[in-house]
Amino acid sequence: MPRPELASPNRVVDESKGLYKSEPPPKIPEKQPDATPIPKFDRLKAPKYVTRPSKVLENKAPPPPNAVPYGGGGTPTVPYTSFAMGTGTATQAGMGFSNDAGGGNFGARFSWYVEAVQRRVSSNWIQATVDPGIQFAPRVVVTFDVLKDGTITNVQVTKSSGNASVDTSAVRAVRDSTPLGRLPAEYSGSKVGVEFWFDYKR
Amino acid sequence: MKTNRKTHMTRKLAIFAAVAIALLLCAGTASAQDWFKTGTGLGVSKVRLAVPEFGLRAPAPPALEKTFHDVLWSDLEYCGILDLVSPSFYPTQTPSQPSELKFADWSNAPASAYMVAYGNLSVEGTNLAAAGFLSDVHNPTAPIALQKIYRGAATDADARRLAHQFADDIVAKLSGGLAGIAQTQIAFVSSRSGNKEIWAMDYDGSNQHQMTHLKSISLTPRWSPDATKIAFTCYVPFRGITSPQICIYSTASDRLISFPRYRGSNSSPAYSPDGSQIAFMSSQNGDPEIYVTDAGGGNLHRITFAAGVNTSPAWNPKTGKQIAFVSDRGGDPVLYLANSDGSGVEKLDLPDMGYSVDPSWSPNGQLLAFCWRRPSGNFDIYVMDVISKQLVELTRDAGRNERPSWAPDGRHIVFESNRTGTLQIWSMLADGSQPRQLTYQGQNESPNWSPR
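Note that the structure is a prediction, hence the values are computed from the model and not measured.

1. A look at the overall build of chain A
Consideration 1: Scanning chain A for helices and strands turns up three helices and five strands.
Consideration 2: Ordered by position from N to C terminus, the α and β elements of chain A give β-β-α-α-β-β-α-β.
Consideration 3: Relative to its full complement of 202 residues, chain A shows a buried share of 29%.
Consideration 4: Of the contacts made within chain A by residues no fewer than 6 positions apart, 67% connect residues no fewer than 24 positions apart.

2. Regarding the sheet that holds strand S25 (residues 355-361) of chain B
Residue and element names in this part refer to chain B.
Consideration 1: In spatial order, the strands read S25-S26-S27-S28; together these four strands make up an open sheet with antiparallel pairing. Lying at the two open borders of the sheet, with one neighbouring strand each, are S25 and strand S28 (390-393). Each neighbouring strand pair of the sheet contributes to a mean axis angle of 30 degrees, computed without reference to strand direction.
Consideration 2: As judged from the five bridges shared by S25 and strand S26 (residues 367-373), these two strands associate in the antiparallel manner. Directly across from Ser-360, in S26, lies its bridge partner Ala-369.

3. Here's the deal with the environment of Glu402(B)
Residue and element names in this part refer to chain B.
Consideration 1: Position of Glu-402 relative to the elements: it lies in strand S29 (residues 401-406).
Consideration 2: The exposure class assigned to Glu-402 is buried, which follows from the 22 C-beta atoms found within 10 Å.
Consideration 3: Here the alpha-carbon distance between Glu-402 and Pro-447, two residues 45 residues apart in the chain, equals 9.7 Å.
Consideration 4: Once residues lying within four places of it in the same chain are set aside, the contact partners of Glu-402 are Asp-358, Cys-371, Phe-379, Phe-415 and Glu-416.

4. What to know about the pairing of S28(B)
Consideration 1: Taken together, the four bridges between strand S27 (residues 379-385) of chain B and S28(B) define a ladder with antiparallel strand orientation. Across the sheet, residue Tyr382(B) finds its bridge partner in S28(B), namely Glu393(B).

5. Overview of helix H5 (residues 156-174) of chain B
Consideration 1: Given a rise of 1.5 Å per residue, 19 residues ought to cover 27 Å, and the 27 Å separating the end C-alpha atoms of H5(B) matches this to within 8%.
Consideration 2: Most of H5(B) sits inside the fold, with 16 of its 19 residues counted as buried.

6. Overview of helix H3 (residues 62-77) of chain B
Since one α-helical turn is 3.6 residues long, residues separated by three or four positions face the same way.
Consideration 1: Its 16 residues place the ends of H3(B) 22 Å apart at the C-alpha level, agreeing with the 22 Å of an ideal helix rising 1.5 Å per residue.
Consideration 2: Where H3(B) is buried, its residues meet strand S2 (47-50), strand S4 (82-84), strand S5 (115-124), strand S6 (127-136) and H5 of chain B.

7. Notes on the nonpolar core
All names here are of chain B.
Consideration 1: Within the largest apolar cluster, 141 residues are counted, with the highest numbers of intra-cluster contacts made by Leu-49, Phe-68, Ala-113, Met-115 and Ile-413.
Consideration 2: By residue number, the principal contributor to this core is H5, which donates eight residues.
Consideration 3: When residues are assigned to domains, this core turns out to be shared by domain 2 (47-174) and domain 3 (185-449), each giving three or more.
Consideration 4: If sequence neighbours within four positions are ignored, Leu-49 has contacts with Leu-76, Leu-82, Leu-84, Val-85, Ala-113, Tyr-114, Met-115 and Ala-117.

8. Quick notes on the packing of H3(B) against H5(B)
Helix packing for two helices is described by the angle between their axes and how far apart those axes are.
All names here are of chain B.
Consideration 1: It is the contact of H3 with H5, at a shortest axis distance of 8 Å, that shows an interaxial angle of 35 degrees. The two elements H3 and H5 cross, and the hand of that crossing is right-handed. Contact with H3, carried on its side by Leu-64, Thr-67, Phe-68, Val-71, Leu-72, Asp-75 and Leu-76, involves Asp-156, Ala-159, Arg-160, Leu-162, Ala-163, His-164, Phe-166, Ala-167 and Ile-170 of H5 and no other residues of that element.
Consideration 2: Tallied by class, the residues present in the contact of H3 with H5 amount to 11 nonpolar, two polar and three charged.

9. Topic: the pairing of S6(B)
Residues and elements named next belong to chain B.
Consideration 1: Of all 10 residues in S6, eight are buried; the element is thus mostly enclosed.
Consideration 2: Where S5 meets S6, 10 bridges bridge the pair, whose relative direction is antiparallel. Paired with Tyr-118 across the strands is Phe-133, a residue of S6.
Consideration 3: In sequence, S5 turns back onto S6 through a hairpin of two residues, with Gly-125 there showing a positive phi of about 65 degrees.
Consideration 4: By the bridge criterion, eight bridges tie S6 to strand S7 (residues 146-153) in an arrangement that is antiparallel. The residue of S7 that forms the bridge with Asn-127 is Ala-153.

10. Observations regarding the confidence of the model for chain A
Consideration 1: In this model, chain A carries an average pLDDT of 73, and 62% of its residues clear a pLDDT of 70 or more.
Consideration 2: Of the regions scoring below 50 in pLDDT, residues 73-102 of chain A engages in 56 contacts with residues more than four places distant in sequence or in other chains.

Criteria and cut-off values
Residues numbered from 1 in each chain as written. Chains lettered and ligands numbered in written order. Predicted model: local features only at pLDDT ≥ 70, side-chain atom pairs only at ≥ 80, totals over all residues. Helix = DSSP H or I, 4+ residues; strand = E, 2+ residues; numbered from the N terminus. Buried ≥ 20, exposed ≤ 12 C-beta atoms within 10 Å, placed from the backbone. Contact = placed C-beta atoms within 7 Å. Pairing = 2+ DSSP bridges. Axes fitted to C-alpha atoms, helices over the stretch in contact; angles between N-to-C directions. Expected span 1.5 Å × (residues − 1). Core = buried A, V, L, I, M, F, W, Y, C linked by C-beta atoms within 7 Å. Domains from an automatic or database assignment. Left-handed = near helix turned anticlockwise from the far one by under 90°. Nonpolar A, V, L, I, M, F, W, Y, C, P; charged D, E, K, R; others polar. pLDDT = per-residue confidence, 0-100.

Quick look at the structure:
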């Protein structure tokens, strides 16, 4: 009887090309360039001087028809209070407010009290506590209430100068002034609000 | 308040309505709070005040009227915040009560006054009454700022006192609550009785009177904060030994109060601002150092520990937590600052050589007046802002000026000077202006201004 055929495995590599192609080598993706270039900061320097139009010299708005020319008016007849603001060093020094400015008529009736408050707080403003490097600071506005007995309460910086030491010196000037003089006896209210501004200029 | 303002900015009509409603309602309700705006740049302006002579109501000795007016004028001229209008600019008609005041006459040139202080004097029997008024002549509709009747006896001393009171009230009104100093006193050392004793006088130099009669040497008087006691350095012999000690004089009972004696030399006492402690120099343990004790003498403890002399302590009157003193630990005697427990000693550097002594704090605790002997040999009063160390020289080319002492209003300084040839007490405004001599007899030194 013949031996049954044995299927011996062929150890020789089959040289025929297969049915399938080999995979191509994986593609390494190219690096994409950044969408926006890195800014070069030295080109973004601010110009050394910013020129703004002068509000005084280049204000082309016509004066109101009832305006009195400078120096030609004499003493105004409206009941208003104006303050001598030191020796011309404060930049926006002059101010006044009229009877109907929304604050009642305290300032018009008791202008001596307003001036006394201004004098007291000004004399307590220790400008030496401001940073020595600061030559000029925008206006600080501090508001506070004066109670009947002259006590100062509710001290707040409503407009900062942008510099903490200027703001602090202003608040300290107000706090050092308490108590102010009693509110005038003729005044019937229980307290008066004060808006006090400070112009710092070395 | 703020919303009120903003409303005004946008809708003026609405605020007119609000004001009208507020006026219709009882003024003073919370919704109708008044406010005002003001501010400051640099500098403080003075009020221009006219002070016409007071009218005489009843037949009275004109000497009283003259005393009253002179004292009032002198007080107001010297208060530091007023600019008095010269009497030659006054209208011919002087008011003696509010109904007689013609506002335009006073507010227009040449008087150009901002406020007018006026009134009348009346004598009934032995009583003197002064009715004082202060009016804002720029605002005819404004209420009178001050109206008050001052009463006293019809004597020169009381006319003086009433004028001082009226002046203080005016200053308090116009300076924003900081009362004047017209009723304060100055303690000082005078040798006019033969010995150096403690004297006191009114702030303007009148009413000089002797307080101690120890017939030895009394130096460096310092008021207690309630002005009832004066601590000073005394040389009272005790068991045959005479050494400088701390004595305390009571102005109320007019006698010395007991205070412990210590070994060695003890001098230059100073009350703490609350009156509970006394700092002084003592050499009881050899070196002259600064000690602090309770006002009664208990609880003695030492606060300086440095070789050399440490003396002239002065408490910061605002905080009570800082003491300025003089020490020669670095060579020359110069000023130092330390906390009241002796820690944190800091030398107050000056931009020149020489020695600095006699520290005196301003009432707000921010300025230090002292005497500085510069290498040129001058003794002059300087004021230093202790925060920024900025200096102001207050006296110059006028003899030796030493031992400053601040007034309680912070606007005046009293000191001793030999500019007339003899050592006398002078006072001036704290910016060095308006010096005036207060004493003339004998030699007077070491003034100390009383608290209010």
